Amino acid sequence: MLLSKTQLLPNENNLDGIAVAIIRLQELYRLDPKDMTGLESHSALSPDGCFHIAVIAHQNQQFQCAILWIQETMRKLHEGAEAVVTKENVLTLLTSIQFDVCNLHFALGVTQLLMHNDNLNLKTILQPAYTNSLIENIKNLDGMQHFITPFDTSALHRPMQNGYEALCRGQGIKMNPKRQKKLVCRYMTGEGSPQLIYAPAKEEEEWDEPLILRYHDIISLSEIEVIKRLSRPKLARAKVSDPVTGKFVYTTVRVSKSAWLSNDESPVVARVNQRLADITGLDMNTAEELQVANYGIGGHYEPHYDSMVANGLPFTEKRIATVLLYMSDVEVGGATVFPDIGAALPPKRGSAVIWFNLLKSGEVDTRTLHAACPVFVGSKWVANKWICCRGQEFRRRCTLSKSD
Ligand SMILES: O=C(O)CCC(=O)C(=O)O
Ligand SMILES: [Fe+2]
């Protein structure tokens, strides 16, 4: 009984993963730790939790973050929150961080402070060799300008990934009123599909170049529930294909759980796929199965092209189009962003967005680079339907032009 419960408890890897997710949210949404942990001493994140995040940030060379979490750990310790970690442990980590960022005077100052603290057996913590190396380094300080101002959230800037992070914060969206005015919505009856003639789809142009369409209320709440129920037992940590080896591997580039659902699994899956065939007018016989994905807090998918999932694939197997079904709203975060064109699409439960990954010439449309922003509050459910080239020869004719 106890064994079965302990298997459910988070292990060290899980805790490190949580720390990494918290740091990702903090960096991306530019947050101060105290806004994430709550001010009360009984709040969810203990000094030990904060210290763990500082350690992980330090390991990953995210020094500014590490300093902020050290400050937060100290704040909680000052408030008298219970903890295993001591102020001395925290200051010791602070000296190594300051050393790593070449803030040597600061590192030496804290080290000396710690050395003179009689309560501690610090000689075991701070190696004399380390202190000597600090003193040596300070002597050679000339020309070293790489100082960091501690305790400043505005310095939480990492190199940008094509503006992906800014779009996630709602900055840099490249739509203007003149362009937006031209975007239309309509009831769409497709190309003679009887279903759509009886129940036209609510089609909205989300973006003009390249065209991104959103279909509202394309999947009902009860269908969503069935799809979620079928996928839950199958959900497993998502992988991505390694561009060099082509093998599918776990990576922090994509943090979510996913599951594949086939048409045979339930009439609901087949019905939803048929609806997607009706609205796209594309052949679904060669499409991949429906891939359901669930992102928890901090879950995300960094910028990628869907069409490049396995570079060695023959053209006919490439993903000509993506249909992304949103099966939940997300309270904060979780938008699908396109860094190249400056578009941000908020998840909206029951809707689907559609775009072509390939130009009519068959080349990758580089404007379709896209990412899933980290979820900050809530749980995000989506389903991907990737439609392949084979079967579309007469439905989406190719051209030699590279512009469409
Ligand atoms: O979840 C999203 O918003 C996008 C997901 C995505 O791009 C993918 O799974 O390939
Ligand atoms: Fe994608």
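Residues numbered from 1 in each chain as written. Chains lettered and ligands numbered in written order. Predicted model: local features only at pLDDT ≥ 70, side-chain atom pairs only at ≥ 80, totals over all residues. Heavy atoms only, no water.

Colleague: What is the right way to look at the nonpolar core in this model?
Modeller: The nonpolar side chains of a soluble globular protein tend to be buried with one another. By size, the foremost hydrophobic cluster in this structure holds 37 residues, and its most contacted members are Tyr-215, Ile-218, Ile-219, Ile-227, Ile-279, Leu-325 and Met-327. Listed by contribution, the elements that provide at least two residues to this core are β3 (212-216), α13 (221-231), β8 (257-261), α14 (267-280), β9 (290-295), β11 (319-326), β15 (352-356) and β18 (380-388). Considering each element in turn, this core owes the most residues, 6 residues, to α14. Ile-218 has contacts with Ala-201, Glu-223, Arg-275, Ile-279, Leu-325, Gly-350, Ser-351 and Ala-352, leaving out every residue within four places of it along the chain. (Core = buried A, V, L, I, M, F, W, Y, C linked by side-chain atoms within 4.5 Å. Buried < 20%, exposed > 50% of the residue type's maximum accessible area, 1.4 Å probe, protein only. Helix = DSSP H or I, 4+ residues; strand = E, 2+ residues; numbered from the N terminus. Contact = heavy atoms within 4.5 Å.)

Colleague: Is there a simple way to explain unusual backbone geometry in this structure?
Modeller: Most peptide bonds adopt trans geometry, and most residues besides glycine take a negative phi value. That bond from Glu-209 to Pro-210 is cis: its omega, 0°, falls within 30 degrees of zero. With respect to the helices, strands and loops of the structure, Pro-210 is situated in the loop between β2 (201-207) and β3. One non-glycine residue, Gln-61, lies in positive phi territory at about 60°. One can find Gln-61 in the loop between α4 (47-59) and α5 (63-78). Looking at Gln-61, the relative accessible area reads 58%, which means it is exposed. Of note in this structure, Asp-217 is not a glycine but carries a positive phi near 50°. Here Asp-217 is to be found in the loop between β3 and α13.

Colleague: Sorry, what's going on with the site of ligand 1 here?
Modeller: Surrounding ligand 1, one finds 13 residues, the nearest of these being Tyr-295, Thr-336, His-370, Lys-380 and Asn-384. Here Tyr-295 contributes a side-chain N or O atom positioned 2.7 Å from an oxygen atom of ligand 1. Here an oxygen atom of ligand 1 sits 2.5 Å away from a polar atom, N or O, in the side chain of Thr-336. Protein burial of ligand 1: of its 290 Å² of free accessible surface, 99% is covered by the chains. Of all elements in the fold, only β10 (300-304), β16 (370-372) and β18 reach the threshold of two or more residues within the shell around ligand 1. When grouped by side-chain class, the residues that make up the shell around ligand 1 number 6 nonpolar, 4 polar and 3 charged. (Near = heavy atom within 4 Å. Polar contact = N/O pair within 3.5 Å; in protein donor to acceptor, adjacent residues only side chain to side chain. Areas by Shrake-Rupley, 256 points an atom, 1.4 Å probe, with all protein chains shown as cover. Nonpolar A, V, L, I, M, F, W, Y, C, P; charged D, E, K, R; others polar.)

Colleague: Looking at this structure, how should I read the coordination of the iron ion (ligand 2)?
Modeller: When four donors bind a metal tetrahedrally, each ideal donor-metal-donor angle is 109.5 degrees, and when six bind octahedrally, the ideal angles are 90 or 180 degrees. At the metal site, the iron ion (ligand 2) is ligated by His-304 (NE2), Asp-306 (OD) and His-370 (NE2), and these contacts range over 2.1 Å. One chain supplies every donor for the iron ion (ligand 2), spaced along it as H-x1-D-x63-H. What makes Asp-306 buried here is its relative accessible area of 4%. (Donors = N, O, S within 2.8 Å, 3.2 Å for Na, K, Ca; no water.)

Colleague: Would you mind going over the packing of aromatic side chains with me for this structure?
Modeller: How two aromatic rings sit relative to each other is set out by the distance from centre to centre and by the angle between their planes. In this structure the tally under the stated criterion is 3 aromatic pairs. Arranged with centres 6.2 Å apart and planes meeting at 55°, the rings of Trp-260 and Trp-386 form a pair that is tilted. In this pair, Trp-260 sits in strand β8 while Trp-386 sits in strand β18, placing the two residues 126 residues apart along the sequence. Taking relative accessible area as the criterion, Trp-260 reaches 36% and is therefore assigned partly exposed. Classification of Trp-386 by relative accessible area gives buried; the value is 5%. Seen in terms of ring centroids, Phe-338 and Trp-355 are 5.0 Å apart; in terms of plane orientation they differ by 85°. Their pairing is edge-to-face. Residue Phe-338 is located in strand β13 (residues 336-338), and its partner Trp-355 is located in strand β15; the two are separated by 17 residues in the primary sequence. With respect to class, Phe-338 is no different from Trp-355; both count as buried. (Phe/Tyr/Trp six-rings, centres within 6.5 Å; stacked < 30°, edge-to-face > 60°.)

Colleague: Looking at this structure, I do not really get the environment of Lys-76. What am I missing?
Modeller: Position of Lys-76 among the secondary structure elements: in helix α5. The sequence separation of Lys-76 and Asp-48 amounts to 28 residues, and the corresponding C-alpha distance is 9.6 Å.

Colleague: Looking at this structure, I do not really get the environment of Ala-277. What am I missing?
Modeller: Take Ala-277: it is sitting in helix α14. Judged by relative accessible area, Ala-277 falls into the buried class, the value being 14%. Spatially, the C-alpha atom of Ala-277 lies 60 Å from that of Asn-103, the residues being 174 residues apart in sequence. Once residues within four sequence positions are removed from consideration, Ala-277 is found in contact with Leu-282 and Met-284.

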